[in-house]
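Inside the fold
Here is what each chain is made of, one letter per residue.
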Amino acid sequence: MGFCERWGKWIHGCLSSATISILINGSTTREFVPERGLRQGDPLAPFLFNIAAKGLTGLMRTTVSKNLFSSYKVGRQKEEINILQYADDTLFFGTATTVNVRVMKSILRIFELVSGLKINYAKSQFGCLGKSLDWCREATSYLNCGQLEFPFSYLGIPVGSTSKSWDVWQHVISKFESKVAKWKQRCLSMGGRIFLTALPIYLLSFFKIPKKVVHKLPWADGGVPFKERFSELYQISSQRLHSVEDMGYFSEHGWEWNFSWRRNLFDSEMGVASTFLETIAAIRICGTLKDTWLWGAEPNGIFSTKSAYNLIKAEQLLEDQDSGFHQLWDLKVPPKVLSFAWRLLWDRLPTKDNLSRRQIQLDNDLCPLCQTQPETASYLFFTCDKVLPLWWEFFTWVKEGTILHNSPMANFLHTSTTTGGKNITRRRKTWWLAATKSIWQSRNDLVFHNQAFDIHKLIDNSIFLTWTWLKGWEKNFCAPFHHWSSAMSLVFV
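Residues numbered from 1 in each chain as written. Predicted model: local features only at pLDDT ≥ 70, side-chain atom pairs only at ≥ 80, totals over all residues. Heavy atoms only, no water.

1. Side note on the overall build of the protein
- For the protein, the count of helices and strands is 21 helices and twelve strands.
- Restricting the contact set of the protein to residue pairs at least 6 apart, pairs at least 24 apart contribute 50%.
- Of the accessible surface of the protein, which amounts to about 33,200 Å², a share of 55% is contributed by carbon and sulfur atoms. (Helix = DSSP H or I, 4+ residues; strand = E, 2+ residues; numbered from the N terminus. Contact = heavy atoms within 4.5 Å. Areas by Shrake-Rupley, 256 points an atom, 1.4 Å probe, with all protein chains shown as cover.)

2. Some thoughts on unusual backbone geometry
- Cis geometry marks the peptide bond from phenylalanine 150 to proline 151, where omega comes out at -5°.
- Looking at where proline 151 falls in the secondary structure, it is placed in the loop between strand 8 (146–147) and strand 9 (152–154).
- Phi at lysine 78 is positive, roughly 55°, even though this residue is not glycine.
- As for its position among the elements, lysine 78 is in the loop between strand 3 (72–74) and strand 4 (79–81).
- Backbone geometry places glutamine 371, a non-glycine residue, at a positive phi of 55°.
- Mapped onto the secondary structure, glutamine 371 falls in the loop between helix 15 (352–357) and helix 16 (377–383).

3. Overview of the packing of helix 17 (residues 388–398) against helix 19 (residues 421–449)
- Viewed as axis vectors pointing N to C, helix 17 and helix 19 meet at an angle of 165°, and their least axial separation amounts to 12 Å. In this view, helix 17 runs roughly antiparallel relative to helix 19, as classed from their interaxial angle. Crossing handedness for the pair helix 17 and helix 19: right-handed. Contacts from Leu390, Trp391, Phe394, Trp397 and Val398 in helix 17 reach Arg428, Trp431, Trp432, Ala435, Thr436 and Ile439 in helix 19. (Axes fitted to C-alpha atoms, helices over the stretch in contact; angles between N-to-C directions. Parallel < 35°, antiparallel > 145°, perpendicular 65-115°, else oblique. Left-handed = near helix turned anticlockwise from the far one by under 90°.)

4. Brief notes about the packing of helix 3 (residues 98–115) against helix 4 (residues 133–143)
- Direction vectors running N to C along helix 3 and helix 4 enclose 15°, while the axes themselves pass 10 Å from each other. In terms of orientation, helix 3 and helix 4 fall into the roughly parallel class. Of the two elements, helix 3 crosses helix 4, and the hand of that crossing is right-handed. Of the residues in helix 4, those touching helix 3 at Thr98, Val101, Arg102, Met104 and Lys105 are Trp135, Ala139, Tyr142 and Leu143.

5. So, helix 17
- All buried positions along helix 17 are accounted for by Leu388, Leu390, Trp391, Phe394, Phe395, Trp397 and Val398.
- Looking at the buried side of helix 17, the elements it contacts are helix 16, helix 18 (408–414), helix 19 and helix 20 (455–473).
- Phi for lysine 399, located one or two positions after helix 17, is positive at around 60°. (Buried < 20%, exposed > 50% of the residue type's maximum accessible area, 1.4 Å probe, protein only.)

6. Quick notes on the pairing of strand 6 (residues 89–92)
- Inspection of the sheet shows strand 5 (residues 83–86) paired to strand 6 by four bridges, in the antiparallel sense. Of the residues in strand 6, the one forming a bridge with glutamine 85 is threonine 90.
- Counted between consecutive antiparallel strands, the loop separating strand 5 from strand 6 contains two residues, among which alanine 87 sits at a positive phi close to 55°. (Pairing = 2+ DSSP bridges.)

7. Regarding the packing of aromatic side chains
- Across all of its chains, the model carries 23 aromatic pairs by this definition.
- For the ring pair tryptophan 257 and phenylalanine 259, a centre distance of 5.5 Å and an interplane angle of 10° mean the geometry is stacked.
- On the basis of relative accessibility, which here comes to 27%, the residue tryptophan 257 falls in the partly exposed class.
- Look at phenylalanine 382 and tryptophan 391: their rings are 5.7 Å apart centre to centre, the planes differ by 45°, and that puts the pair in the tilted class. One exposure class covers both phenylalanine 382 and tryptophan 391, and it is buried. (Phe/Tyr/Trp six-rings, centres within 6.5 Å; stacked < 30°, edge-to-face > 60°.)

8. A few points about the environment of threonine 468
- Tracing the backbone through its elements, the reader meets threonine 468 in helix 20.
- Of the residues examined, threonine 468 reaches a relative accessible area of 32% and is grouped as partly exposed.

9. What to know about helix 4
- Considered for burial, the residues of helix 4 that qualify are Trp135, Cys136, Ala139, Thr140 and Leu143. For helix 4, the buried positions fall inside an angular range of 135° around the axis, keeping them on one side. Residues of helix 4 that are exposed and point over 90 degrees away from its buried face: Asp134, Glu138 and Ser141.
- Of the surrounding elements, those touching the buried residues of helix 4 are helix 3, strand 7 (125–126) and strand 8. (Arc of directions from axis to C-beta.)

10. Observations regarding the pattern of salt bridges
- Taken as a whole, this structure holds seven salt bridges when the rule is applied.
- Here lysine 9 ties to glutamate 5 by a salt bridge, and the two come within 3.6 Å at their closest N and O atoms. With a gap of four residues between them, lysine 9 and glutamate 5 both fall in helix 1 (residues 5–17), about one helical turn apart.
- For lysine 9, a relative accessible area of 54% translates into the label exposed.
- Here arginine 263 makes a salt bridge to glutamate 269, at a shortest N to O gap of 2.8 Å.
- A relative accessible area of 8% places glutamate 269 in the buried class. (Salt bridge = Lys/Arg side-chain N within 4 Å of Asp/Glu carboxyl O.)

11. Some details on the nonpolar core
- Ranked by internal contacts, the top residues of the largest apolar core, which has 49 residues, are Phe381, Trp391, Trp431 and Leu433.
- Ranked by the residues each element gives to this core, the list is headed by helix 19, at eight residues. (Core = buried A, V, L, I, M, F, W, Y, C linked by side-chain atoms within 4.5 Å.)

12. A word on the environment of threonine 29
- Of note, threonine 29 is situated in the loop between strand 2 (27–28) and helix 2 (44–65).
- Here threonine 29 is in contact with Ser21, Ile22 and Ile24, once residues within four sequence places are set aside.

13. A word on the pairing of strand 11 (residues 248–251)
- In terms of strand pairing, strand 11 meets strand 12 (residues 254–257) through four bridges, oriented antiparallel. When the bridges of strand 12 are listed, glycine 248 appears paired with tryptophan 257.

14. Digging into the side chain of glutamate 269
- The residue glutamate 269 is located in the loop between strand 12 and helix 11 (270–281) in this model.
- If we skip the residues at most four places from it in the chain, glutamate 269 touches Glu232, Ile236 and Arg263.

15. Brief notes about the environment of asparagine 364
- Summarising the element assignment, asparagine 364 is placed in the loop between helix 15 and helix 16.
- Asparagine 364 gets classed as partly exposed once you look at its relative accessible area, which sits at 32%.
- Each C-alpha atom, one on asparagine 364 and one on aspartate 353, is 9.9 Å from the other, the two residues being eleven residues apart in sequence.
- What asparagine 364 contacts, discounting residues up to four positions off in sequence, is Lys352 and Gln371.
- Of note is the side chain of asparagine 364, whose polar atom sits 3.1 Å from the backbone nitrogen of leucine 366. (Polar contact = N/O pair within 3.5 Å; in protein donor to acceptor, adjacent residues only side chain to side chain.)

Below you can see the structure in the form of structure tokens.
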């Protein structure tokens, strides 16, 4: 393929000089040289495979150029497609002719002889459209592979089905229903919620979701105004500009709705109207409060100049937030830790302050650690007297000014350094994640398991988590924990 002799020696050296060891009951054996090719999981394996697989593309290109194989044409421009490769999967495309079948068999045989690789025909399949079943069976028998039935699924995408088909979306709906059953909704972890949110996104990148499927997904109706959800009824309503107070009255049985339409409902609209009435019947109308405008920037809904100023100032800080989140996703830590930090930086953790904003009844709103101040994210993680020794200890290691920002994002950004380089900054931010995660864990242990808070245990846990994550992700990090933890002043400078 045109590689020089030196390159060949490099690859041979990689194949012949590698050593491996095996874990037995948690202990490693002596290293030995593998006798059969690359080690399992060797990062060199996919690169060498790509080089070999590129030869198959070259064979197809040569065959097409000599008019021995007829490609399949797609689109208005009649673009020719004959071979597509993804990882170790290869797909051939062509017109359904006996000549194409024989040429494809010859290409695969030549590839086996040249590369030394073997085609697994038992896992291969052949399918065609527009030909008789007997012809397909004859071609399948000639290729010595299985017959492909339509529709089929490839990489999670149904092929051969229309996007409006119920079968395309059925497995997504089934997964949603199994995950968000009534008794499971309150038990879903943050990872489960992220999984459910991402579940339909892959399909949505290929197909437009039908309306009948939208209303089957549990999250589809949340936050959608009635005028959009029931747009057909909204168009014929004569009460579009009315308040709730003007659309009903209180009777001895409670609130009674009184809707007015510009015309009588058609038979085709009865089903939508029935769904609408069932939905609003579950809404509780309070007779002691009047309809009014609410200012969303204040918990009490009343406008204030201070809240308006803070709202404008927050928009100006978006640039810093973007920078902070870019730095967060660049860190090599477990995904659940990144999810936790993301929630903390957005102030979305279930602190008592946030729970109160969601109208959840609590015995009190005091910090569980000190029981002196309301529990907000800023107070719990950065200014509570119980956790301050953790941050003072960190400041003695980094040997810099002891400026402790109350805002989680400002505090996170403050861990950057201009003198130590990117590696030191990454270590400091990894420590920040370990410290905040340990604080939250200690807080939950106290609240839910009645375990006493111990600042020394908190510091030890933060150090151990930092060491564990750096050891797993940082290149050439091999310091034993007892040596590393005893020289923390050298770790962050």
